[in-house]
Amino acid sequence: MAWALVHTAALTAAVVGVLLLGVLTNRYVLAALMIPLQVLLTLAWLAARDTATVFKAAVVVSGAAVASDLLLATGPLGVRRLAGVIAVAFLVAMLQQLVRRGARVGLAASLAAISGAVVLVAGLATLIALRRSDTGRDAALAALLGTGLALVVARAVDALRLSRAHSGARRRSVLALAVAGAVAVGVGALVGGTQAGLGIGDGIALATAAAVVALAADIGLDIAYAGLPPGPEADRPRAALLPLTVLLPVFVAAPAAYVTGRVLLG
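Everything numeric in this text was worked out from a predicted model, so none of it was measured.

Draft legend 1. Geometry of the overall build of the chain. Scanning the chain from terminus to terminus reveals nine helices and zero strands. Secondary structure elements of the chain, listed N to C terminal, follow the sequence α-α-α-α-α-α-α-α-α. For the chain, the C-alpha radius of gyration of 19 Å lies close to 18 Å, the compact-globule estimate for 266 residues. Considering only C-alpha atoms, the chain reaches an extent of 60 × 55 × 25 Å along its principal axes. Residues counted as buried form 46% of the 266 residues belonging to the chain. Taking the contacts inside the chain whose residues are at least 6 apart along the sequence as the reference set, 73% of them involve residues at least 24 apart. Accessible area for the chain stands at about 11,900 Å²; split by element, carbon and sulfur atoms hold 72% of it. Charged side chains in the chain number 20 positive and 10 negative. The centres of these two groups are separated by 7 Å.

Draft legend 2. Structural context of the nonpolar core. Core analysis: the largest hydrophobic core is formed by 71 residues, its most contacted members being Leu19, Leu41, Trp45, Ile114 and Leu127. Counting residues per element, this core draws most heavily on helix H5 (residues 107-130), which supplies 14 residues. Excluding residues that lie within four positions of it along the chain, Leu127 makes contacts with Leu30, Met34, Ala140, Leu144 and Ala254.

Draft legend 3. Representation of the side chain of Gln96. Tracing the sequence through the fold places Gln96 in helix H4 (residues 81-98). Its relative accessible area of 13% is what places Gln96 among the buried residues. At 2.9 Å, the side chain of Gln96 forms a polar contact with the backbone oxygen of Lys56. Contact partners of Gln96, with chain neighbours within four places excluded, come to Thr53, Lys56, Ala57, Val60 and Ile114.

Draft legend 4. Geometry of the pattern of salt bridges. Considering all chains together, one arrives at five salt bridges under this definition. Arg172 is the salt-bridge partner of Asp158, the closest N and O atoms lying 2.8 Å from each other. With a gap of 14 residues between them, Asp158 in helix H6 (residues 134-164) and Arg172 in the loop between H6 and helix H7 (174-194) connect regions that are remote in the sequence. A relative accessible area of 10% means that Arg172 is categorised as buried. Each of the salt bridges in this network shares a partner with another, and the network as a whole consists of Arg155, Asp158, Arg161, Arg172 and Asp218.

Draft legend 5. Up close: helix H8 (residues 200-226). Under the 1.5 Å per step criterion, the end-to-end length of H8 is 38 Å for 27 residues, consistent within 8% with the ideal 39 Å. Among the residues making up H8, those that are buried are Gly203, Leu206, Ala207, Ala210, Ala211, Ala214, Leu215, Ala217, Asp218, Leu221 and Asp222.

Draft legend 6. Structural view of the side chain of Thr42. The residue Thr42 is located in helix H2 (residues 27-48) in this model. Engagement of the side chain of Thr42 in a polar contact is seen with the backbone oxygen of Gln38, the distance being 2.7 Å. Contacts of Thr42, omitting those with residues within four sequence positions, involve Ala58, Val61 and Val121.

Draft legend 7. Main features of a nonpolar patch on the surface. A grouping of Phe90, Leu91, Met94, Leu95, Leu98 and Val99 is seen on the molecular surface, where their side chains present a nonpolar patch of about 560 Å² in accessible area. Locating Met94 in the fold gives a position in helix H4.

Draft legend 8. View of the packing of helix H3 (residues 54-74) against H5. Taken N-terminus to C-terminus, the directions of H3 and H5 make an angle of 20°; their axes are 9 Å apart at the nearest point. Here H3 is positioned roughly parallel relative to H5, judged by the angle of their axes. Between H3 and H5 lies a crossing whose hand is right-handed. Residue-level contacts link Ala57, Val60, Val61, Ala64, Ala65, Ser68, Asp69, Leu72 and Ala73 of H3 to Ile114, Ala117, Val118, Val121, Ala122, Ala125, Thr126, Ile128 and Ala129 of H5.

What counts and what doesn't
Residues numbered from 1 in each chain as written. Predicted model: local features only at pLDDT ≥ 70, side-chain atom pairs only at ≥ 80, totals over all residues. Heavy atoms only, no water. Helix = DSSP H or I, 4+ residues; strand = E, 2+ residues; numbered from the N terminus. Rg over C-alpha atoms; globule rule 2.2 N^0.38 Å. Buried < 20%, exposed > 50% of the residue type's maximum accessible area, 1.4 Å probe, protein only. Contact = heavy atoms within 4.5 Å. Areas by Shrake-Rupley, 256 points an atom, 1.4 Å probe, with all protein chains shown as cover. Lys, Arg positive; Asp, Glu negative; His and termini not counted. Charge placed at Lys NZ, Arg CZ, Asp CG, Glu CD. Core = buried A, V, L, I, M, F, W, Y, C linked by side-chain atoms within 4.5 Å. Polar contact = N/O pair within 3.5 Å; in protein donor to acceptor, adjacent residues only side chain to side chain. Salt bridge = Lys/Arg side-chain N within 4 Å of Asp/Glu carboxyl O. Expected span 1.5 Å × (residues − 1). Patch = residues over 30% accessible without salt bridge, like charges linked within 9 Å, V, L, I, M, F, W, Y side chains within 5 Å. Axes fitted to C-alpha atoms, helices over the stretch in contact; angles between N-to-C directions. Parallel < 35°, antiparallel > 145°, perpendicular 65-115°, else oblique. Left-handed = near helix turned anticlockwise from the far one by under 90°.

As structure tokens, this is what we get:
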């Protein structure tokens, strides 16, 4: 279990590093770098939900991801265009499920899984909207650094604890979350104090808000993994949870960063 936490921490650091590269370059590069991550999360999410016709469903969600990224990178400020993308993707997904041949087993579950994936990939695209100005770049930097370091530190602390604990010890701990939260606050203060567009208070708020949401998703995924039944019938969801553990906390932190940034910075 300890090594699994180390592996996911390293992969999360790599994902956040890719997004930071885009944030520090420009919004077009950020949009291009997001697309492979969005496609990977889509495939993992649909597999974990055991969605029928995964390939066709993935095409719908990936199309929504590309549309979201392009609209936010090239259009006006704000995320209102995402409402149209989500609505169109939902209608296409509904039509796709209705034209399925046979008994249409799991139609409602498949539609829910596709809709959830569309919301997740559109949520990550809000990072592009946050990045549209120099101040937004600083805000995205604080949020991503806070998220990435909080996740890495939380998993590293628990990995160290598990490597020394007896068999059957709890996989995650309050100590790790507390240390990760403190790291997020420190990173936010550092970025806010060194970037002209932010203040220390704004940096702390951005890093902490994003990190709290990411850590909550991380713990939720860990609970979901522990709740999987033993046996081969759960092999597919179990395998899909690895990329989800790496990507999902970062994805859900992006809307939190956007909302916090808009409230604080306008």
